[in-house]
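This is what each chain is made of:
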Amino acid sequence: MKLYEESSKSTQIKRAKGLAKREQIHFEKSIKNFYNPEDRIVLKALDFTVQNKEFHATFGEENNTMKKQKLQSVVYVQDVENVPRDAYRHFAAIESKLPREYAVSQTRQEINTSMEELIPISLIDLNPTIVQEPSVEEPDITDPIIVEQVVSAVGKGAYRSIKKILEYIVPAYIQKGKLDPTMPTIHLRISGDGRNVGRKVKHVMITVALLDDPTKIFESNYHYTTVLFPGTENYSTLKVAANGLIKELQELNNTGMIINNILWNFELFFSSDWKFLAICLGFNAANSNYFCPWCMINKNQRGNGQIEWTISKSMNALNENPTEYPGHQLPPLFNMIPLENYVPDKLHIMLRITDSLWELVLQEIKNEGLFNDITRNIIVKEMENLKIRFEFWKIRDTADNWSYTSLMGDDKLCVLRNFNLTKLFDPERAALIKSLWNGFAELYDLLEEKRTDPQYFRLKAKVWQELFLKKTVVDPATNTILVQGLYRSSDVTPYIHVLVSHVWEFMSMHRRWGLNAFSCSAVEKKNHDHVCYFFRKTLKNGGRFQNKNSAIREILEHENRLFFYTQNNVPLSYPKPKHIHIL
């Protein structure tokens, strides 16, 4: 016989097939010597090499169902773990048993097409409403490629029907026992968030989640994006972008919705950070004279402990007259949601009040003329002891204006609970400030507990505010301090007012869920993932910058695919074969 290298390609394949068939016959004859016939032994593949040329022969008809499922699993892994297509191509080039990238991409498109029929993605033209408002906040994303892509997409929004989403997910909630058809009421929570991309534009989203599954409300994948657009948070843009959502929520609130021959009623809730909530209510900014969305307090009354502020506004009054209350300027966007169901976000309560407490400490140091290199080094060193990365830096073109690291949520709580204030103040002053910090930490812990008695929380919050506003007593004769005080009425922020005056009310009204269920941490995480994962050059269109498809659409297609994986039980792992090595 001719040598392998001297044979034609067809002869090489013919010989490989002949050898494989002969080995299959030999294998089937040998089974009886090693296994019981009822064990169903099947030869699936044979690997061998000829002159370092590898051959992989498979036997029998290919299981197309299993092949398709494994391709779906590969797409699932790419989506969940954010594996770029070019990276997968390299893996497939190294390991020949991995499916080819073109087959994976084709499967992804098939999933997109099938899900598009179930949950369509509608594009929205936002150009007439765009208002460019350069952000003064710290940008979350600074990569110039990402920023360029986001800016170029301004004016293009997208919407997924909340009714279509509900049609798709409600049967699964029923199957898991989270919804009871005999008590057909669904509790929907609407949330929104904007994230800074550079200093030019934001990436804004509105999500919906089911409060009926308390175990999943903290997971970002169970907050379903309905509205998505790159741009700034402003009333006119949100009104256009959320127009479809507003109409559908109105219908759900008024007439309910039939899903699988069951008429479901809906109770609607809203939770977001202060800015987004105020915009949706057509209300003043937080630094305005009338700053509270729920009561009639004004700035001059912040330190008045004699007045009991409670929720005194109503959505019905705002629907009749959008300017019924001072500070309300425009009709609320989500006017079908009762005002008492606009629940403040406990995450931002913690973030903003800890920011205020820390700022007050730094301001006191500055007022004493002690904000120098020595003090700054003491603070940085103490942060290092707490395993927190922290630094100060001078703002350019300013004589003595400093900025510092913005801490994350867990780091803020760590500082609140563990920072040694005696490094900065005398023992008496440090103890007083520390008691205020500990008091807020205790309130935050109570806020997280579903079983906390609202009246007990109300009393504790009042005591804490009294400590916050403790006045300094000075002997007029000697001008010496008899009793050390803390802060002024003007230092009471909107979030402090809400914590003291209204949180106990929300705890009382929404005890079934607890205020934890209205935390926006999962929404923030989802928005951050959107920006990081989908506006990154290495991921768009397999790592190529030129992409004809809208990135906004890609994000919602990705969310549609997540629906597909969970509803179709696409596995992320398969049984491994037993590897045997024979010398």
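Just so it is clear, the structure is predicted and the values come from calculations on it, not from any experiment. (Residues numbered from 1 in each chain as written. Predicted model: local features only at pLDDT ≥ 70, side-chain atom pairs only at ≥ 80, totals over all residues. Heavy atoms only, no water.)

Considering the environment of Glu340
Along the chain, Glu340 turns up in the loop between α10 (315–320) and α11 (346–367). The spatial distance from the C-alpha of Glu340 to the C-alpha of Val75 is 43 Å, given a sequence separation of 265 residues. In this view, Glu340 contacts Phe506, Met509 and His510; residues no more than four positions away in its chain are not counted. (Helix = DSSP H or I, 4+ residues; strand = E, 2+ residues; numbered from the N terminus. Contact = heavy atoms within 4.5 Å.)

Concerning empty space enclosed by the protein
Counted under the stated rule, the structure contains four cavities of 30 Å³ or more. A volume near 80 Å³ is recorded for the largest cavity. Around the largest cavity, the lining is made up of 14 residues, and of these Arg302, Asn304, Trp309, Gln465 and Ser501 lie nearest the centre. The set of elements that each furnish at least two residues to the lining of the largest cavity consists of α15 (454–468) and α16 (494–501). Ranked by residue count, the leading element in the lining of the largest cavity is α16, at three residues. The class makeup of the residues in the lining of the largest cavity is five nonpolar, seven polar and two charged. (1 Å grid on protein atoms, 1.4 Å probe; cavity = no way out; pocket = protein on both sides within 12 Å on 5 of 7 lines; lining within 4 Å. Points joined across faces, edges and corners; volume = space filled by probe spheres on them. Nonpolar A, V, L, I, M, F, W, Y, C, P; charged D, E, K, R; others polar.)

Regarding unusual backbone geometry
At Asn52, a position not held by glycine, the phi torsion is positive, near 65 degrees. Structurally, the position occupied by Asn52 is in the loop between β1 (45–50) and β2 (53–58). A relative accessible area of 75% places Asn52 in the exposed class. Positive phi values are uncommon outside glycine, yet Asn260 reaches one of about 55 degrees. Its location among the elements puts Asn260 in the loop between β8 (257–259) and β9 (262–272). On the accessibility criterion, Asn260 (55% relative accessible area) is exposed. (Buried < 20%, exposed > 50% of the residue type's maximum accessible area, 1.4 Å probe, protein only.)

A short note on the packing of aromatic side chains
For the structure on display, the rule yields 23 aromatic pairs. Judged by centre distance (5.7 Å) and plane angle (55 degrees), the ring pair of Tyr168 and Phe563 falls under tilted. One end of the pair, Tyr168, is in helix α6 (residues 162–175); the other, Phe563, is in helix α19 (residues 551–567), and 395 residues separate them in sequence. Given a relative accessible area of 5%, Phe563 falls into the buried group. For the pair Phe468 and Tyr487, a centre-to-centre distance of 5.2 Å together with 55 degrees between the ring planes defines the contact as tilted. Of this pair, Phe468 sits in helix α15 while Tyr487 sits in the loop between β13 (480–483) and α16; the two residues are 19 residues apart in sequence, bridging distant segments of the chain. (Phe/Tyr/Trp six-rings, centres within 6.5 Å; stacked < 30°, edge-to-face > 60°.)

So, the environment of Asn284
Note on placement: Asn284 falls in the loop between α9 (274–280) and α10. According to the relative accessible area criterion, Asn284 is buried, its value standing at 13%. Between the alpha carbons of Asn284 and Tyr159 there is a distance of 27 Å; along the sequence they are 125 residues apart. Discounting residues that sit within four places of it in the chain, Asn284 has contacts with Ala278, Tyr290, Gly327 and Gln329. Within polar-contact distance, the side chain of Asn284 engages the side chain of Gln329 at 2.9 Å. (Polar contact = N/O pair within 3.5 Å; in protein donor to acceptor, adjacent residues only side chain to side chain.)

What about the layout of surface pockets?
Empty space within the largest pocket amounts to approximately 2,800 Å³. In this structure, the largest pocket is lined by 50 residues; those nearest its centre are Lys44, Ala45, His56, Lys70 and Lys97. Of all the secondary-structure elements, those providing two or more residues to the lining of the largest pocket are α1 (9–30), β1, β2, α2 (64–81), α3 (85–94) and α4 (101–118). The biggest single contributor to the lining of the largest pocket is α2, with eight residues.

Side note on the pattern of salt bridges
Inspection of every chain in the model, using the stated rule, returns 24 salt bridges. Salt-bridge contacts for Arg389 lead to Glu391; the nearest nitrogen and oxygen are separated by 3.7 Å. Exposure remark for Arg389: the relative accessible area of 63% places this residue in the exposed category. Since its relative accessible area comes to 38%, Glu391 is described here as partly exposed. Through salt bridges with shared partners, one network takes in Asp86, Arg89 and Glu101. (Salt bridge = Lys/Arg side-chain N within 4 Å of Asp/Glu carboxyl O.)

Here's the deal with the packing of α11 against α16
Close contact between α11 and α16 brings their axes to 9 Å; oriented N to C, the two are set at 125 degrees. When the axes of α11 and α16 are compared, the pair comes out oblique. Considering the relative orientation of α11 and α16, their crossing is left-handed. Residues His348, Ile349, Arg352 and Ile353 of α11 lie in contact with α16, whose contacting residues are Tyr495, Ile496 and Leu499. For the contact of α11 with α16, the per-class residue count stands at five nonpolar, one polar and one charged. (Axes fitted to C-alpha atoms, helices over the stretch in contact; angles between N-to-C directions. Parallel < 35°, antiparallel > 145°, perpendicular 65-115°, else oblique. Left-handed = near helix turned anticlockwise from the far one by under 90°.)

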